[in-house]
Each structure stands twice: as structure tokens, then as C-alpha cells.
Amino acid sequence: MMISGGPLCNSCGEQLGFEPNGELFVACHECNFAICKSCILHGIKEGRNACLQCASPYDGDITFEAIGQAAFADHSSMAGYFDKDQDPGLHARNISSVSTVDSELNGEPGNQIWKTRVEGWREKANKKKKPPAKPVTEAQFPAEQQMEGKQCVEPARPLSRVIPIPKAKLAPYRTVIIMRLIILVLFFHYRITHPVDSAFGLWLTSVICEIWFAVSWVLDQFPKWSPINRETFIDELSLRYEKDGEPSGLAAVDFFVSTVDPMKEPPLITANTVLSIMAVDYPVDKVSCYVSDDGAAMLTFESLVETAEFARKWVPFCKKFLIEPRAPEFYFSQKIDYLKDKVQPSFVKERRAMKRDYEEFKVRINGLVAKAQKTPEEGWTMQDGTPWPGNNTRDHPGMIQVFLGHTGAHDTDGNELPRLVYVSREKRPGYQHHKKAGAENALVRVSAILTNAPYILNLDCDHYVNNSKAIREAMCFLMDPLVGLDVCYVQFPQRFDGIDHSDRYANRNIVFFDVNMKGLDGIQGPVYVGTGCVFNRQALYGYSPPSFLNLPKSSSSCSCCGGCWCCFSSKKPAKDISEVYRDSKHEDLDAAIFNLTEINNYDEHERSMLISQTSLEKTFGLSSVFIESTLMENGGVPESANSSTLIKEAIHVIGCGYEEKTAWGKEIGWIYGSVTEDILSGFKMHCRGWRSIYCMPLRPAFKGSAPINLSDRLHQVLRWALGSIEILLSRHCPLWYGFGGGRLKWLQRLAYTNTIVYPLTSLPLIAYCSIPAICLLTGKFIIPTLSNLASILFLGLFISIILTSVLELRWSGVGIEDWWRNEQFWVIGGVSAHLFAVFQGLLKVLAGLDTNFTVTAKAAEDTEFGELYVFKWTTLLIPPTTLIVINIVGVVAGFSDALNSGYEAWGPLFGKVFFSAWGLVHTRSHSTVYILRCSRLGAAEVIADGWIKVTTQIPELVDCQHQKQDDGGHE
């Protein structure tokens, strides 16, 4: 029988129950983790008086006496919820969605149409012989939680834990933030109440800029209020799901690798990514790798054929000797003692043989690349003489080729290899293909037809698996019933190879990945950054998390705090018409999905009728096979499925017209509308109530390549900033989207707002960087004569800025050099790429014009990081170069005027220079001269270095000034 009494306990699977006042029982008001009274009582008896998810102590009113009122005799086993004739797997997924949704929408206990139809079909099914039920619930509930006869099911040992930042580090950090906020309020009170009439325009501009900088700081700072670390227990994962003599219980994973142009994304790099995936430390029957070739290049296809053949040798070698990393190019290029800890006597011999095989593999791949440099007039032809279907990259049919797998070739040791699938979606003129987001959605549908793993991991073609156990790290969260219930994805940090040791262009983004993302992990989870992310497939399908589907009508969510059960006594916030309509669409879809799972034993005709009735085709498209795959939360395909039929269906779902008049790209899959589809897709999931998790294993999970040339780096930043502007000007802007549901926590909303408004900082940054030069050239100043109180205020603000950064480095473990590089490039990108992104975004969204910037290479040095010193002129360098020139001219003019005017002019000059230096440090704009240093313009470098030193020293102390100039020249 179906039970519809509210959400289920994440520990034992039973209902949570209600308080005496009729409200839903909530144990932890910090994270709203669903756990029943009996499980809490059991934990208290064992000495655990804290939340299993966030480790926060339970509130004082949840005492042993209060919980003791829940009799163990009324706490039935989980097995009692399942009918003897029903598959228990059907109930592993939110078994009360129908009754709760129907009662909320219609005001009656269940939709009568659904009830009549389901009962009629159930009577037919009872006359048929049912196949034995499959124990598909193991992935959700361990065996010890499924034992009957126990009155209280013992909670399973966690697969991960939260490690809060020590209070000794976090408390001072928060204190300084509050102090800085108070000082900012006093600072702006002084600035606004003390205008400068002689330079009113400059004063007003500076005040506006400073207000924007303060708002930007608040948006960036407060989402880092509660940072956390996490620890996983991979050994416990193996003990729970990999038992001797039994098939592995680990969930299957579909890997997505996307590539477009093999001339810009070398096939050898893509091959290394694929090889590292094929050799991961995970059951081979649980791994499938899908390569999306959005350029329909025969070169990519042929290189994948060679990769599949080489994998037959490479994979067993990796697993035999447990090597890391498992991308051959990067493994053989390591400058380490490969004999260390290798006790097998055959290792040296086999390693040398494998290196020879890899060198031959590289020769074959490079030969294919050389051959593809010139396209034949008649187009490419395959080995059988037929024309390559993708000769016209803009007009070609869909293509799918399956390599390896259980039906393909085995490795050299006779073992099965993971499945490898080549996919090139159909393209026709007149259709919108949506670039990478469209390619990823095509892979979602193809993989659902062929393998249908419950989890998806997407990687860029230049990001290889650096840690073979990375998937197990993610499964410690996703497969833990105490943690993974509402997790939409697990995001890994990005790490890079081939970057100079000083990382002068901040390619590693250490501050973002090691500071900001940890802060978000303490709220609702990190943002999705486009690669190195393991998704819950159900979240990609647009479903709400189970905890939200089962909420009683009285337990509304609060839009101010974002919690799901934190405001039971408060009045339900009003929703606008559009929010109510969107929520009702999701609820109808969830209800329809549940009812369909209840009748999965009926014939094909009845299934097609149901799919049509529930309008699922309008959401997922015209494929009954794909729609049925969405109902299988634990994944998998029917054993009786015919492979040729599945391939035909997979070809159908990657057709260029399949997504028309569906929810693809709007509500499900990767979301369209921005070149940064990653931020937008993650934002939609968080708005539905899902949370994400940040996983930072000691050995980086994935590594990729990054542009180390300044111009290329700026163009990369330009693309990211342009995507943020597109989201800002769309209906998905965090400033107004998703308020009605109350599922996005307000600190998380601040973080998303910061990710889309940060390019706008370029406008006040340009203005503020220009004001010092204008003041020096005109003799005007933007602040009046400072009083003693005002001087203390300015000094306090400056000290609070420094302390905030120092304490942030203290709790995060980020080095001062990484922090400094980030500060430098923040200004370089702010006055160049971000500025262009603002105007290009306005032209693209408002006028429909798309502007491209070209980069021209000039010269290169033949060194390890030779490209670092390549000077490529681009229009992005015009604004920062102009700022440098006018500031140098302003400083020279200011000192020249002081020299000509006599000693009395040095006092006002010192005030201007001092405030200019203070303003530049506050906005980090003094580091714009770093552009010239990076471009190795010798003369300009000397002038710029001198300018920095002049503007930051007291003119009267000439000897001290010269000494510091000499010291700085040797840095």
C-alpha cells in the first residue's frame, strides 16, 4: 500500500511524524535534515547529540524526555511499507508524491481520474504473472537498514563528514567583517556629508564608484560567512557496496566528453582524456564514456578508433600497477622516480614496452592530424569507400558508433572494458543548436537510451582524470542515504598543468576554488563550473528534490532564509502568477512520473496512452523509450532491449528537431540562453531546492590545460563575463528569478548575484582609475581637508581591508602569492575583458549584434613556457594601456607643477598622491602596470615601476625613497 503521510526519515526510511501542534517534526533547524524521533533517540543513547549531516547540536527543546514519548513499538520496519506483490524499488523514490500533490492542488485525497485509471490497470496486472521483484533498493538503503523485525533501524555509518573551520580562525574573521561593514557605513556618511564644491563632478563620481565597490564587496564577502571542509571514507564505501562474492553495488556513471574542432582541440589531448576515463578505479560494467563530436570531424572519429585499440593495452597496465595519473601523456612526462614503491619485477620491462606502444600511438594520431590539414575537394571518405556523413559540418545526419563494452573487444588480459560511444548530433540549416549546452543535452538523451546510468560526469576534452578514485569520492556523497538525497551534483575544483610557477595571470583561480567555493559549500553548495562535475540524472530532468515533493501544505518554505522547514508558524509568502504556474508544472510532472512507475508492468499500448495523457512528450520529447528511462531512478536499461533498436532510438533523440516545443534547455538538461550555461544550469537546480557538494580530495581529481598567454587569458575571461551579462539581462537573473518558491537561500542568492553583476564593476573601476590622473592634471581634489576623526576613519578602513584578507588566507590555507596574483588580475581583467563584455552583452541582447575580437600572434620564445612571453595584440589591451599612460602623465605633471611652484605646493601634492595611492590600493588598480611587465615592454616597465614607487612614498623623504626604488629594481 502507498503511504502518504509526509517526508521520510533519511536514516530508517519511515515517516518523520508531526509535532503535537500539527507541524512537521524537524530535528535540525540548521540544514533541515529529515530524521525521525526514534532515530534521534537511538543516536542519543550512543552519545550522538548532533545532526548527522551538518554536525550542528540539536536544539534545546529536542530533549531526551521529549523524544522518549515516541514509543519504539509504533516504529515499524521499513519493509512493512512494501506490498508483497510490489517491487520495493518503486518506493525508494518519494512514495507519497501523488497523494500530497493531488490533495494540495485539488483539495481532495487524490486525483480521481488517476485513481480510477491506476486501479483499473492494476486489476489487469493482477491477472498476469508478475516477474520476480528486483532488489533495486540497495543503492539507496544499505542491507542493514532493510532488516525486518527490528523496532529501530540502526543508522548506517556515514560515508563522509563535515569538518567545520575552527572557531579560533573563523570568529576573528567574522568579527573583522562586521567591523569593516560598520566602518564603511561611517565612511560613506562622511563622504556624502562633506562634498567638494570646487570639484563636485569628480567628487560625485568618486562617491558613486565607492558605493558600488562596497556593494560588490558585500556580495562577494558574505557568502563566505560559513565555510566548511569535507572528508570522505572510500574504504567504508567499498565495505558497503562491494562485498566479496557479490556483484558490485556501486552506481553506474556515464562520462561525457565534448569537443568541437580537432584543429583547436588536439585529438591527442582528447584521446588522453578518454584513456584516463577508461582506466578509472571503478567497476568496468558501471562506466560508459560518451564523446560528443559537435564538429562532425572524421579526424575525431578516426582518432577515437585508434584510442579504443590502444585502450586494450593501456587499461590493464594501469590497473595492474596502480599508476597515477592514468593519462599516458602526463604519466610518462612526470619527472619522478617511477621505480619508487613498485615491487613487481616485471614493472620496468612492461613500462618500457608500454611507453614504446604509446609513442607509436602518438605517431598514428599525429599522422591523422597531418592528413587532415588539407581537405580533399570531394570530401572525406571512410575505409569502405563511402563518403563521410559529416563532410558538411552544418548539414549532416546524426552519427553514433559504439566501441568496446561487454559486446566489444576485450583488453589484452581478456577482461571487459568500459563502453566507449562516439556521438555526433544531427545538424541542419535553420535550426538552433545551442553550442555546448545543446551537445550536452544530446548526450543526456543518448546515454539514457543506451546505458541510463543514474549519475553523469562531464569533462572538457582537455581535462583528464588525475585521480583514478575520483568517482568513488563523489559516490561517498551521492550514494549515502544520509547525505545524497537532495544532492544535485558534486563539484570538484579545477586544477591545471602547464602553468608557470608564479601563475602571473591567475589561471589557477586559487582564491575562487579554495575560498569562495568552500564558503558556498557551507550554504547550499558550490556553483557548477562547467567541468569536473558529477550530476544526479534526476536533477537534470527538472525534478524537485524528494524532501520538497513531500512537504505538507502547512509547511511552506521561507524565501528569506531559504530553509525548507524553518518557518512553520509563519504565513506562506505570496507567489506571483508566473511562479505559481511554474511550480504547478513541476508538481504535475512529478505526480505523473510517480503514477507511471506504479504501472510499469502493463503492455506497450497502455504505456503509450499514459505517456500521451500526462503530456510527458511535451516535456521530454517524442520518444517513449527515453521517457520510460527517466522513470528508473537507479538507472539501467531492460535486459530484453534490442541493441539495434536502441541505436535507432538514440539516433532519433539527437535529431536537430527533437527539442522543438519541449522543455529541453528551458527547464530540463543544460539551460540555454548564455555562453556560460554552467552557471545558469546550476542556478536552476538550486532554485528547485537541490543542494550541491564541493569535494576536494588530497590528490586533485581532474587536471586540465589553461591559456598562459595574456591575450588568450583575457579572451577567456571575456567569454565568462559575457555569459554573466547575458544572464543578468535574461529572465533567469538571480535578482528577480525564483523568489516565489523560497528554495534558494538568501546567501546563495547573493553569491549568484555576484557571479552575474561582477562585469559591471568595470565601469566604476575605469572611472576610479582615471580620477587620480585628472586630479593631478587639474589641481583639484575629491575630498576636503581631513580632520583628525576623518583621518582615523580612513585609516581604520584601510586596516580592516588588510585584516580581512589576512584572516581569509589564514582559514583557507591559500598562499599570499596566489592571493596577490588574483588581486592583480582582478584589475587587469576588470579594466579590459569585463568592460568589453558589458558593451558586447548589451549589443547582443538588446540589438542582436554579436561582436568578435581577433588575436594576432607576433613572436615566441623557445622555452618551457615560451607562450607565456608571446605578445599578441588585441583590442582588449586598449583600456588598460590608456589608463597607464594617463596616470603616468598625471604623476609627471603633478611633480613638475610642484617643482615650479615652490615648497608650499608639496603639501597639497602629497595629499593628492597619498589619497590616489590609497584609492588605487583599495580598488587594486595600481597593479594595472603589471600588464606592461607581462608584455615585457622594457622601457614602459621601468617607467611604470618608478611611477608606483613615487606615488606610494613621501616626497620629503628623498633618501629613503631612492633606497626603496633601488631595492624594488631587484625584485
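What counts and how
- Residues numbered from 1 in each chain as written.
- Predicted model: local features only at pLDDT ≥ 70, side-chain atom pairs only at ≥ 80, totals over all residues.
- Heavy atoms only, no water.
- Salt bridge = Lys/Arg side-chain N within 4 Å of Asp/Glu carboxyl O.
- Buried < 20%, exposed > 50% of the residue type's maximum accessible area, 1.4 Å probe, protein only.
- Helix = DSSP H or I, 4+ residues; strand = E, 2+ residues; numbered from the N terminus.
- Pairing = 2+ DSSP bridges.
- Axes fitted to C-alpha atoms, helices over the stretch in contact; angles between N-to-C directions.
- Parallel < 35°, antiparallel > 145°, perpendicular 65-115°, else oblique.
- Left-handed = near helix turned anticlockwise from the far one by under 90°.
- Contact = heavy atoms within 4.5 Å.
- Nonpolar A, V, L, I, M, F, W, Y, C, P; charged D, E, K, R; others polar.
- Expected span 1.5 Å × (residues − 1).
- pLDDT = per-residue confidence, 0-100.
- Phe/Tyr/Trp six-rings, centres within 6.5 Å; stacked < 30°, edge-to-face > 60°.
- Patch = residues over 30% accessible without salt bridge, like charges linked within 9 Å, V, L, I, M, F, W, Y side chains within 5 Å.
- Areas by Shrake-Rupley, 256 points an atom, 1.4 Å probe, with all protein chains shown as cover.

1. Here's the deal with the pattern of salt bridges
What the rule picks out here adds up to 25 salt bridges. Among the ionic pairs, Arg428 bridges to Glu426, the shortest N-O distance being 2.9 Å. Overall, the relative accessible area of 19% leaves Glu426 in the buried class. The partner of Asp460 in a salt bridge is Lys436, with the nearest N and O atoms 2.9 Å apart. Within this pair, whereas Asp460 is found in strand E7 (residues 455–460), its partner Lys436 is found in helix H12 (residues 435–450), the two being separated by 24 residues in sequence. Looking at Lys436, the relative accessible area reads 22%, which means it is partly exposed. Each of Glu242, Asp281, Lys469 and Arg472 takes part in one network of salt bridges that share partners.

2. So, the sheet that holds strand E13 (residues 702–705)
Spatially, E8-E13-E10 is the arrangement adopted by the three strands of the open sheet, whose pairing is mixed. In the strand order of this sheet, the two ends are held by strand E8 (464–465) and strand E10 (495–497), each with one partner.

3. Side note on the packing of helix H25 (residues 762–778) against helix H29 (residues 878–901)
For the pair H25 and H29, the least separation of the axes is 7 Å and the interaxial angle reads 25°. As judged from the angle between their axes, H25 and H29 are roughly parallel. The hand of the H25/H29 crossing is left-handed. Counted together, Ile766, Cys769, Ser770, Pro772, Ala773, Leu776 and Leu777 of H25 and Pro879, Leu883, Ile886, Asn887, Val889, Gly890, Val891, Ala893 and Gly894 of H29 form the full contact between these two elements. Here the residues of the contact of H25 with H29 are counted per class, giving twelve nonpolar, four polar and no charged.

4. Let's talk about the packing of helix H14 (residues 510–521) against helix H26 (residues 788–812)
Helix packing for two helices is described by the angle between their axes and how far apart those axes are. At their nearest, the axes of H14 and H26 sit 10 Å apart, and the two run at 85° to each other. Between H14 and H26, the angle falls in the class roughly perpendicular. Note on element contacts: H26 touches H14 through Glu808, Trp811 and Ser812, opposite Asp514, Val515 and Lys518. Here the residues of the contact of H14 with H26 sort into two nonpolar, one polar and three charged.

5. Section: the sheet that holds strand E4 (residues 287–293)
Spatial strand order, E5-E6-E4-E3-E7-E11-E9-E12: eight strands in an open sheet with mixed pairing. The two strands at the open ends of the sheet, each matched to only one other strand, are strand E5 (399–404) and strand E12 (691–694). With strand direction ignored, the average angle separating the axes of adjacent strands in the sheet is 20°. Sheet topology note: the strand E9 (residues 487–491)/strand E11 (residues 533–536) ladder contains three bridges and is antiparallel.

6. Things to note about helix H8 (residues 267–278)
With twelve residues, H8 extends 16 Å between its outermost C-alpha atoms, agreeing within 8% with the 16 Å of an ideal straight helix rising 1.5 Å per residue. Across the twelve residues that make up H8, a large majority, eleven, are buried. Within the span of H8, buried status applies to Pro267, Leu268, Thr270, Ala271, Asn272, Thr273, Val274, Leu275, Ser276, Ile277 and Met278.

7. A short note on the confidence of the model for the chain
The predicted coordinates ought not to be read in detail in places where the model reports low pLDDT. Per-residue confidence for the chain gives a mean pLDDT of 74; residues scoring 70 or more make up 69%. Predicted confidence for residues 127–154 stays below pLDDT 50, and this span has 59 contacts to residues more than four positions away or in other chains. The low-confidence segment residues 590–599, where pLDDT is below 50, has 36 contacts with residues more than four positions distant or belonging to other chains.

8. A short note on the packing of aromatic side chains
In the structure shown here, the tally under the stated rule is 40 aromatic pairs. With a centroid separation of 5.8 Å and 80° between ring planes, the pair formed by Tyr541 and Phe620 is classed as edge-to-face. With Tyr541 in the loop between helix H15 (537–540) and helix H16 (546–549) and Phe620 in helix H19 (residues 616–620), this residue pair connects regions lying 79 residues apart in the sequence. For Tyr541, a relative accessible area of 0% translates into the label buried. For Phe620, a relative accessible area of 0% corresponds to the buried category.

9. Considerations on helix H11 (residues 347–371)
Structurally, the α-helix is built with 3.6 residues per turn, so residues lying three or four positions apart point the same way. Taking 1.5 Å per residue, 25 residues should reach 36 Å; H11 reaches 36 Å between its end C-alpha atoms and fits that length. Residues of H11 that are buried include every one of Phe347, Arg351, Met354, Tyr358, Phe361, Lys362, Ile365, Leu368 and Val369, and no others. The inward-facing, buried residues of H11 abut H8, helix H9 (298–321) and helix H10 (328–332).

10. Notes on a nonpolar patch on the surface
Taken together, the side chains of Leu729, Leu763, Phe839, Leu842, Val845 and Leu846 make up a nonpolar region of the molecular surface, amounting to roughly 520 Å² of accessible area. The leading source of residues in the nonpolar patch is helix H28 (residues 833–847), at four residues. Following the sequence through the fold, Leu729 ends up in the loop between helix H23 (710–728) and helix H24 (746–757).

11. Concerning unusual backbone geometry
Between Glu324 and Pro325 the backbone carries a cis peptide bond, its omega angle lying at -10°. The phi torsion at Leu322 lies on the positive side, around 55°, for a residue other than glycine. Within the secondary structure, Leu322 is located in the loop between H9 and H10.

12. Notes on the pairing of E11
On a regular strand, one side chain projects to one face of the sheet and the next to the other, so that they alternate. Both faces of E11 are covered, namely the face carrying Cys533 and Phe535 and the face carrying Val534 and Asn536. Where E7 meets E11, four bridges bridge the pair, whose relative direction is antiparallel. Paired with Ile456 across the two strands is Phe535, which belongs to E11.

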